[in-house]
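Next come the chains, spelled out residue by residue.
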Amino acid sequence: MNGAANNNAYLYAAYIVVWVIHCVYAFSLISRSKRMKRETRELNRR
Amino acid sequence: MKTLFNALAVFTALLLGYGFCQAMYVAPTEATMGDVQRIFYYHLPSAWVAFLLFFVNFLASVWYLVRRTIGADALALASAEVGVSFCTIVLITGPIWARPIWGIWWTWDARLTSTLVLWLIYVSYLVLRHYATGGQVPVLAAALGIFGFLDVPIVYMAIRWFRTQHPQPVIGGGQGSGLDPTMWHAVLWNLAAFSMLALMFVWVRYRQALAEHALEEAHAQASLDYETEGAQ
């Protein structure tokens, strides 16, 4: 029982890692989009 | 276009949720490994999606070398970047699964080592794209993408060609291989969900790569205009 519970910690860790990686990548895409919009605005202003 | 993107985003979120429920609650508990085997439902689809994205990178790289279109270059970059994120998931979830089952985090067997090499090839592809400057960078990256893809069939066949610690294939693995149909549902739903998520990521990154290219050209033109005005 204790072993199974310990193994479940590995299961949760794996699922958390998957979602963290997807979220980090999604946020990196969002921040890149924002940066590019800002750069475009500055270029148009010049 | 924005409405289609939003509709696909909602559809992807629903698929991801359904895939999660299938993996965690619907699929039966594996007899020998217990619940920790459920890592498989994220591990395997992530690997397949990474392979698919590296194949897209391969096709786009060939297309770029033949036609030299910006779209092909942008697609190659987008697919490689998203492919690396999925391959990273494979390389992290694998050891997390291996630790309670094999008693070790990592072993240098053919499947694991060739997957690590695959990841390193595409990380080097992204490093090249990010840090190198000059007009030949897309050509060099395309060549790397084409030769790098040669590792994908090696990774796939590694468990068939060599005796490995990694489990035998669930498709075409001969007698005794295969999965329970309920387990297949969880695999296929998560494969569909991760494929849709990858499509969304590639879509966004592709448009960003095109916009980056346009922005670079606009910057170059602005500098040229500034210098011309200065000379007059």
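Use the structure listed above.
Computed from a predicted structure; not experimentally measured.

K.L.:
Explain the overall build of chain A to me, and be specific about the residues and the numbers.
P.N.:
A count of helices and strands for chain A gives one helix and zero strands. Buried residues in chain A amount to 9% of all 46 residues.

K.L.:
Describe in detail the overall build of chain B, supporting the description with residues and values.
P.N.:
In terms of regular secondary structure, chain B is built from seven helices and zero strands. Listed N to C, the secondary structure of chain B is α-α-α-α-α-α-α in terms of helices and strands. Its C-alpha atoms give chain B principal-axis dimensions of roughly 80 × 40 × 30 Å. With 232 residues in all, chain B has 36% of them scored as buried.

K.L.:
Give a description of the packing of helix α3 (residues 70-102) of chain B against helix α5 (residues 137-148) of chain B that names residues and reports values.
P.N.:
Residue and element names in this part refer to chain B. At a closest axis distance of 11 Å, the pairing of α3 and α5 adopts a crossing angle of 50°. Comparing their axes, α5 and α3 come out oblique. The two elements α3 and α5 cross, and the hand of that crossing is left-handed. Of α5, the residues touching α3 (which contributes Asp73, Ala76 and Ala80) are Pro138, Ala141, Ala142 and Gly145. Per-class residue counts for the contact of α3 with α5 are five nonpolar, one polar and one charged.

K.L.:
Got a sec to walk through helix α2 (residues 40-67) of chain B? Specific residues and values, please.
P.N.:
Here α2(B) contains 28 residues, and its C-alpha end-to-end distance of 40 Å stays within 8% of the 40 Å for a straight helix at 1.5 Å per residue. After α2(B) finishes, the residue B:Arg68 shows a positive phi value of roughly 55°.

K.L.:
Any chance you could break down the interface of chain A and chain B for me, citing the residues and the numbers?
P.N.:
In this assembly, 21 residues from chain A lie in contact with 26 residues from chain B. Considered class by class, the residues forming the side of chain A that touches chain B number 13 nonpolar, five polar and three charged.

K.L.:
An account of the nonpolar core is requested, with residue identities and associated values reported.
P.N.:
Residue and element names in this part refer to chain B. Ranked by internal contacts, the top residues of the largest apolar core, which has 59 residues, are Ala50, Ala76, Phe86 and Ala198. In terms of residue count, the dominant contributor to this core is α3 (15 residues). Once residues lying within four places of it in the same chain are set aside, the contact partners of Ala198 are Val49, Leu53, Val82 and Phe86.

K.L.:
Describe unusual backbone geometry, and please don't skip the residues or the numbers.
P.N.:
Notably, B:Arg68 is not glycine yet its phi reads approximately 55°, a positive angle. Relative to the elements of secondary structure, B:Arg68 occurs in the loop between α2 and α3.

K.L.:
Could you give an account of the packing of α2(B) against α3(B), naming the residues involved and the relevant values?
P.N.:
Residue and element names in this part refer to chain B. In contact at an axis separation of 7 Å, α2 and α3 are set at 155° when each is read in the N-to-C sense. Considering the angle they form, α2 stands roughly antiparallel to α3. Where α2 crosses over α3, the handedness of that crossing is left-handed. Here the residues of the contact of α2 with α3 are counted per class, giving 20 nonpolar, eight polar and two charged.

The rules behind these values
Every chain is numbered on its own, with residues counted from 1 as its sequence reads. Each chain takes a letter, starting from A, and each ligand takes a number, starting from 1, following the order in which they are written. Per-residue local features of the predicted model are confined to residues with pLDDT of at least 70, and side-chain atom pairs are confined, for both listing and counting, to 80 or more; whole-chain, interface and lining totals are unaffected and use all residues. Secondary structure elements follow DSSP: runs of H or I no shorter than four residues count as helices, runs of E no shorter than two count as strands, and numbering proceeds from the N terminus. Exposed residues have 12 or fewer other C-beta atoms within 10 Å of their own C-beta, buried residues have 20 or more, and residues in between are partly exposed; the C-beta atoms are placed from the backbone. Fitted lines through C-alpha atoms serve as axes, helices being fitted only where they are in contact, and the angles separating the N-to-C directions of these axes extend from 0 to 180 degrees. Orientation categories follow fixed angle ranges, with anything under 35 degrees roughly parallel, anything over 145 roughly antiparallel, 65 to 115 roughly perpendicular, and all other angles oblique. Note: crossing handedness is left-handed where the near helix turns anticlockwise from the far helix by less than a right angle, and right-handed where it turns clockwise. Contact criterion: two residues are in contact if their C-beta atoms, reconstructed from the backbone, are within 7 Å. Any residue outside Ala, Val, Leu, Ile, Met, Phe, Trp, Tyr, Cys, Pro, Asp, Glu, Lys and Arg is labelled polar, Gly included; the first ten of those are nonpolar and the last four are charged. Every helix has an expected span of 1.5 Å times one less than the residues it contains. By definition, a nonpolar core groups buried Ala, Val, Leu, Ile, Met, Phe, Trp, Tyr and Cys residues that are joined through C-beta atoms within 7 Å.

Everything listed is a geometric property; what it means functionally is a separate question.
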